Amino acid sequence: MKKLLLLTVLLGFSFQGFSQEDKEVKSAKKVKDTVKVQEKWSASSGIKFGIRAGYTISHLDFKDEPFFSNVHRNSLYVGFLANIGMSRTLSIVPEIQFSAEGANKEELHLDYIQMPILFRFRFSEKFHAGIGPQVGWKVQKVDDGMKNMGYSAVIGADYKINYAIVVDVRYNYGIRNVFDDNLGIEAKNRNIQLGVGYKF
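All of these numbers come straight from a predicted model, not from anything done at the bench.

**Q** Help me understand the overall build of the chain in this model?
**A** In terms of regular secondary structure, the chain is built from one helix and eight strands. Traced from its N-terminal end to its C-terminal end, the chain shows the element sequence α-β-β-β-β-β-β-β-β. A burial count over the chain gives 34% of its 200 residues as buried. Put simply, 54% of the contacts in the chain that link residues at least 6 apart link residues at least 24 apart. About 12,900 Å² of surface is accessible on the chain, with carbon and sulfur atoms providing 65% of the total.

Written out as structure tokens, the structure is:
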């Protein structure tokens, strides 16, 4: 009887020890997982800065057939951006950039300082897409029969090569007539941007 009682007590202590050890392991794992989630959230909710530059293929989309040759313009753009993480899947990206647009004819050159603001969505670790408005201020030329302000809708996608370098493509759809209203001519600016970005 004494041996049976002693065996029962020993088994009780052993079970309690294993139970306590299991609780400690689960507790440590929970803390580790919580820290991991917090780190991911911190990374996604921070602000990252970067630059982007590339090639612009631009043309003017006339309402009526123009009486001159309307050839597209090939040029460059360069800009600076801030990526503001709102959640793991959404960030807001304000930018400022210089972009040479318009048509190839010298009189139809439109060089802008632009400010797009994109809502950028994360579809995977490497692939993102964005959409948003853009406003531009025409530089270099004044009183040339073309409006000094331009408004566009922007849609684009980017692919992350590594932790810092991305390649992207964008389409800018002008929503305002680029000519002064009193000229009786209507055309809207359209362009495609192909580029590379670097995030610090």
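**Q** What is the right way to read the packing of aromatic side chains from this model?
**A** For any pair of aromatic rings, the description rests on two quantities: the centre-to-centre distance and the angle between the ring planes. Tallied over the full model, the rule gives five aromatic pairs. Ring geometry for Phe-62 and Phe-179: centres 5.9 Å apart, planes at 40 degrees, overall tilted. Of this pair, Phe-62 sits in strand β1 (residues 47-62) while Phe-179 sits in the loop between β7 (165-174) and β8 (187-199), and the two are 117 residues apart along the sequence. Clustering of aromatic rings is evident, with ring pairs tying together Phe-62, Phe-68 and Phe-179. Above the ring of Tyr-173, the side-chain terminus of Arg-190 is found at 3.8 Å from the ring centroid.

**Q** Would you explain the sheet that holds strand β6 (residues 149-160) in this entry?
**A** Within a sheet, each strand pairs with its neighbour through backbone hydrogen bonds, oriented either parallel or antiparallel. Reading around the barrel, the eight strands line up as β1-β2-β3-β4-β5-β6-β7-β8 and close back on themselves, with antiparallel pairing between neighbours. Each neighbouring strand pair of the sheet contributes to a mean axis angle of 25 degrees, computed without reference to strand direction.

**Q** What am I meant to see in the pattern of salt bridges here?
**A** According to the stated counting rule, one finds twelve salt bridges in the structure shown. For Asp-158, the salt bridge goes to Arg-120, with nearest N and O atoms at 3.1 Å. A residue pair is termed long-range when its members are at least 10 positions apart, and Asp-158 in strand β6 and Arg-120 in strand β4 (residues 109-122) qualify at 38 residues. The class of Arg-120 is buried, set by a relative accessible area of 11%. The residue Arg-122 makes a salt bridge to Glu-125 at a minimum N-O spacing of 2.9 Å. A residue is classified by how much of its surface remains accessible, and Glu-125, at 46% relative accessible area, is partly exposed. What you see here is one network of salt bridges that share partners, running through Arg-52, Glu-95, Asp-168 and Arg-170.

**Q** Explain the environment of His-59 here, please?
**A** Inspection of the secondary structure assignment puts His-59 in strand β1. Note on His-59: relative accessible area 33%, which makes it partly exposed. Residues His-59 and Ala-187 lie 128 residues apart in sequence; the distance between their C-alpha atoms is 9.7 Å. Non-local contacts of His-59, meaning those with residues more than four positions away in its chain, are made with His-72, Gly-102, Lys-188, Asn-189 and Arg-190.

**Q** Please explain unusual backbone geometry as it appears in this structure.
**A** Excluding glycine, most residues fall at negative phi; most peptide bonds, likewise, are trans. Unlike most non-glycine residues, Gln-140 shows phi in positive territory, near 80 degrees. Structurally, the position occupied by Gln-140 is in the loop between β5 (127-138) and β6. For Gln-140, a relative accessible area of 67% translates into the label exposed.

Rules used in this analysis
- Residues numbered from 1 in each chain as written.
- Predicted model: local features only at pLDDT ≥ 70, side-chain atom pairs only at ≥ 80, totals over all residues.
- Heavy atoms only, no water.
- Helix = DSSP H or I, 4+ residues; strand = E, 2+ residues; numbered from the N terminus.
- Buried < 20%, exposed > 50% of the residue type's maximum accessible area, 1.4 Å probe, protein only.
- Contact = heavy atoms within 4.5 Å.
- Areas by Shrake-Rupley, 256 points an atom, 1.4 Å probe, with all protein chains shown as cover.
- Phe/Tyr/Trp six-rings, centres within 6.5 Å; stacked < 30°, edge-to-face > 60°.
- Lys NZ or Arg CZ within 6 Å of the ring centre and 35° of its normal.
- Pairing = 2+ DSSP bridges.
- Axes fitted to C-alpha atoms, helices over the stretch in contact; angles between N-to-C directions.
- Salt bridge = Lys/Arg side-chain N within 4 Å of Asp/Glu carboxyl O.

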